[in-house]
Amino acid sequence: MNQLLNARANRSRISELDLVRAFAIIGVLAVHATSFATTEMVSDPASFPVYNFINIFMKFGTPVFLFLSSFVLFLNYFPRPVSKQTFTSFYRKRLIHIIIPYLVFSTIYYAAVAVTREPSEQPASWLIDFAGKLASGTAYAHLYFVFISAQFYLLFPLLLWTLKKWPKLIPWCIPIGFGAQWGFYAVGQWTPISGSANWAFTYFSFYMLGVYLGIRFDSLRAKLSPFRQLRQFRYRSLTVLLWCVWLAAGIGHSYIWYAKRTLTESLPPLYVYSMFWNGYAILSALVFMQTAFYAQAKQSRSYLLRLLKKLGALSFGVYLLHPLLLAVYRELKPAALPVAGQHLWYAGGFLLALFGSALIVAFSHRYLPFSWLLFGKNELKRTTGRIPDAESFGGNKIGLR
């Protein structure tokens, strides 16, 4: 009995995941804060390469959140017996802490866009138009993330049951993920799939990486301990290789997008962009997991680390809210700004998205009794490192991860 309790305790104390969430949400905010710069500054040869690099190099946020979501689900649910009660509880939590905030924010964003539409752009039926966008995750650009997460939740019971019944499939999780994702991509080349980016199969390699590592985490955790491994030549060599390949993939991905946006040279086929992004994002998940474990071991009492963990705990709410702040911020942009003013403006947008969103979400969770309707479960309560019972925005309990 003591061994069972200790095992469960060990599985619930992964405070490093909040750091990974923080890295991921910073990536999302950087991409969104520089999106306008990649079109408005394209004619500035001095600054455009920098904005393009930030905008593309930071495109690891969504895949890392998806990886974390499946990682925590299988970390917590795979050891449990499969039962009706388990799945009933699972879907009830998803409804309360993900779907309801999604419905609320979809309504907010749809209304905000609707009031800015020209009369010629108004749909024949607002209700039908809204229902269609709600059912496809397109009420606003970033809400597709919740939509594809919901698809994975529908697949989750089948995946869990299959891997528990046939555990010999577990080592094949990652190849299956890549196969399903690229098979879906290939089908889309032959028969165009409407809104393919809003389908979970577009991100299946990230999900299945999380599935595999979540199931195998007990055996892999020791390999993430820097003090046990840093003296081993093999570990150091693999770490250097991982980081070098990760940097090369990120730089390569940024470069091909720079060439595309500036039309400075002949462009590669479309699948090359997907290959670079897929490889870079997968490596990002591994790099950030390793970084989080190393930082936790070396700087566990660091004030910066504590702030990052709080940001990670707030990531679901920050993700939902920040585009609204950016939209208002951009409406207030002065008509004419010098180049230096442009740089300050873009930096201000990032800082507003980061600190403004985080403060609003934190304030709401602390003082508003029904803040979960907007921002999901109050995850600040678990920044000491405990995963309540398992599923979040990238990890501990919400699911947009």
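Quick look at the structure, then. Counting from 1, residues in each chain are numbered in the order their sequence is written. Two thresholds apply to this predicted model, a pLDDT of at least 70 for residue-level local features and 80 or more for giving and counting side-chain atom pairs, whereas whole-chain, interface and lining totals are computed over all residues. Side-chain numbers come from the whole structure's heavy atoms, not from hydrogens or water.

A few words now on helix H4 (residues 48-57). Any residue under 20% of the maximum accessible area for its type is buried, any over 50% is exposed, and the rest in between are partly exposed; the area is computed with a 1.4 Å probe on protein chains only. Only runs of H or I of at least four residues qualify as helices and only runs of E of at least two qualify as strands under DSSP, and these elements are numbered from the N terminus. Where H4 is concerned, the buried positions are Phe48, Tyr51, Asn52, Asn55, Ile56 and Phe57. Each element contacted by the buried residues of H4 is listed here: helix H2 (16-33), helix H3 (37-40), helix H13 (233-262), helix H14 (270-298) and helix H17 (339-367). Contacts are assigned to residue pairs that have any heavy atoms within 4.5 Å of one another.

Turning our attention to the side chain of Ser254. You can see Ser254 is positioned in helix H13. When its relative accessible area of 3% is taken as the criterion, Ser254 is described as buried. With residues up to four places along the chain from it excluded, the contact list for Ser254 reads Asn52, Phe53, Ile56 and Phe57.

In this section: the packing of aromatic side chains. When the centres of two rings from Phe, Tyr and Trp lie within 6.5 Å, Trp using its six-membered ring, the rings pair. Their planes under 30 degrees apart give stacked, over 60 give edge-to-face, and anything left gives tilted. If you walk through the whole model with that rule in mind, you get 39 aromatic pairs. A centroid spacing of 5.4 Å and a plane angle of 90° characterise the contact between Phe71 and Phe217, whose relative ring orientation is edge-to-face. Here the residue Phe71 occupies a position in helix H5 (residues 61-77), and Phe217 occupies one in helix H11 (residues 217-220), the gap between them amounting to 146 residues. For Phe71, a relative accessible area of 0% corresponds to the buried category. With a centroid separation of 4.8 Å and 35° between ring planes, the pair formed by Phe90 and Phe156 is classed as tilted. Of this pair, Phe90 sits in helix H6 (residues 84-114) while Phe156 sits in helix H8 (residues 144-165); the two residues are 66 residues apart in sequence, bridging distant segments of the chain.

Once that is clear, we can look at a nonpolar patch on the surface. To count toward a patch, a residue needs a relative accessible area above 30% and no salt bridge. Like charges then connect within 9 Å, nonpolar side chains (Val, Leu, Ile, Met, Phe, Trp, Tyr) within 5 Å. A 1.4 Å probe and the Shrake-Rupley method give the accessible areas. Residues count as covered only by the protein chains that appear here. Salt bridge, as used here: a side-chain nitrogen of Lys or Arg that lies within 4 Å of a carboxyl oxygen of Asp or Glu. A cluster of nonpolar side chains, Val82, Leu158, Trp161, Trp166, Leu169, Trp172 and Ile176, forms an exposed patch at the surface whose accessible area comes to about 700 Å². Within the element layout of this structure, Val82 appears in the loop between H5 and H6. Owing to a relative accessible area of 36%, Val82 belongs among the partly exposed residues under this scheme.

So, on to the environment of Val146. With respect to the helices and strands, Val146 occurs in helix H8. Relative accessible area serves as the criterion here: at 2%, Val146 is assigned to the buried category. As a C-alpha pair, Val146 and Ile98 span 48 residues in sequence and 7.6 Å in three-dimensional space.

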